[in-house]
Amino acid sequence: MIQISNEKLTVLVNPQGAELQSIVRKDTGLEYLWSGDPAFWGKKSPVLFPIVGGLKENTYQYRGELYTLGRHGFAREQLFTVSEQGAEYVSLRLSDNETTRKVYPFRFDFTIQYLLQDDQLQVTYQVLNRDDKTLFFSVGAHPAFKLPLVPDTTYEDYYLYFNKEEEAGIWPLSAGGQVETAPVPYLQHTHELPLKKSLFYNDALVFKNLASTAISIKSNRTPHGLTLAFEGFPYMGIWAAKDADFVCIEPWCGIADSVNATGELEEKEGINRLAPDGLFERTWTATIF
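Counting from 1, residues in each chain are numbered in the order their sequence is written. Thresholds applied to this predicted model are a pLDDT of at least 70 for local features of residues and 80 or more for the giving and counting of side-chain atom pairs; totals over whole chains, interfaces and linings are not thresholded and use all residues. Processing note: side-chain calculations cover all non-hydrogen atoms of the structure and skip hydrogens and water entirely.

Let's shift gears to the side chain of Thr222. Considering the arrangement of structural elements, one finds Thr222 in strand 17 (residues 222-229). The cut-offs for exposure are 20% and 50% of the maximum accessible area for each residue type, with area from a 1.4 Å probe on protein chains only; residues under the lower value are buried, those over the upper are exposed, and the others partly exposed. Given the relative accessible area of 9%, Thr222 is considered buried. Here His224 takes part through its backbone nitrogen, which lies 3.1 Å from a polar atom of the side chain of Thr222. Should any heavy atoms of two residues lie within 4.5 Å, those residues are counted as being in contact. Beyond its immediate chain neighbours, meaning those up to four positions away, Thr222 contacts Val150 and Tyr158. Put simply, DSSP H or I for four residues or longer makes a helix, DSSP E for two residues or longer makes a strand, and each gets a number counted from the N terminus. Counting of polar contacts relies on pairs of N or O atoms within 3.5 Å, with two restrictions inside protein: one atom must be capable of donating a hydrogen and the other of accepting it, and residues adjacent in sequence are counted only when both atoms are side-chain atoms.

Now the structure itself:
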């Protein structure tokens, strides 16, 4: 386990999947990340690469070949190597290997940097195309934040606050995890979404192109919470396992296949294209209060 810390925060990262394991604010001792209880969901903050969500029948086509790739891709199952480390930051890298090339025929470097600045954790994804052809990929975050956050509060005492007024529908998911063809009205001229566990009984709340660039977890019963800022991520998932004590705020550059997807990787909605030697970079931040 890798630890980084500053005056305000201590963060743990597992090189397996480059997955966040803990975010603790030092002055209160509060843990902000989900425990990873396998009775509900054994992950804490998996990294989604080179796809986000699921493919139709877990397959895609590229240059006439058919490939099988599971939900959210393979990065979360791979061992990353530390490429750079200091007291307040660490960078971890995954490069293509024999295992990845069997399911994803591209050469790449995928680097994740965790950096602490004051009361903020900055998470930066860098994708470098080391191939001689265009790289097609998606990348996303899946951090699960503990709720209730403090004793003597309940899950329902918390709400999500969007930093801009939203008039946004959610895109339902089919039984196979594919995005349906039309949204359902959901957020109606509001900044707030009260949390309750039943919100997620039908899987994630999937949004496209929210007006907001930040979502906060807040409560009227405690001053403690967090703000996750995600400018540059066009898709957003909000999710929890059934009746579990967490909520995931998931900024995505990419999205699950739609129910009418062709299966061609180059035609996939939200896919990113990167020229040879090109570098893609996105950062999301969690401000802990």
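Here the bond from Phe49 into Pro50 is cis, since omega is 5 degrees, no more than 30 degrees from zero. Checked against the element boundaries, Pro50 lands in the loop between strand 3 (19-25) and strand 4 (59-62). Of note, the amide linkage connecting Leu147 to Pro148 takes the cis form, showing an omega dihedral of 0 degrees. Mapped onto the secondary structure, Pro148 falls in the loop between strand 12 (144-146) and strand 13 (158-170). Despite not being glycine, Asp203 has its phi angle at roughly 85 degrees, a positive value. Among the secondary structure elements, Asp203 is positioned in the loop between strand 14 (184-194) and strand 15 (205-208). On the accessibility criterion, Asp203 (27% relative accessible area) is partly exposed. A positive phi angle, close to 55 degrees, is found at Asn209, a residue other than glycine. Summarising the element assignment, Asn209 is placed in the loop between strand 15 and strand 16 (214-219).

With that settled, the discussion passes to the pattern of salt bridges. For salt bridges, the criterion is a side-chain nitrogen of Lys or Arg within 4 Å of an Asp or Glu carboxyl oxygen. As enumerated under the stated definition, the model contains 13 salt bridges in all. Between Asp96 and Arg101 there is a salt bridge, with its nearest N and O atoms 2.4 Å apart. A relative accessible area of 36% places Arg101 in the partly exposed class. With its nearest N and O atoms 3.0 Å apart, the salt bridge here joins Arg130 to Asp96. Here Asp96 lies in the loop between strand 7 (89-95) and helix 1 (98-103) and Arg130 lies in the loop between strand 9 (120-129) and strand 10 (135-137), a separation of 34 residues in the sequence.

So yeah, pure geometry; function would need other evidence.
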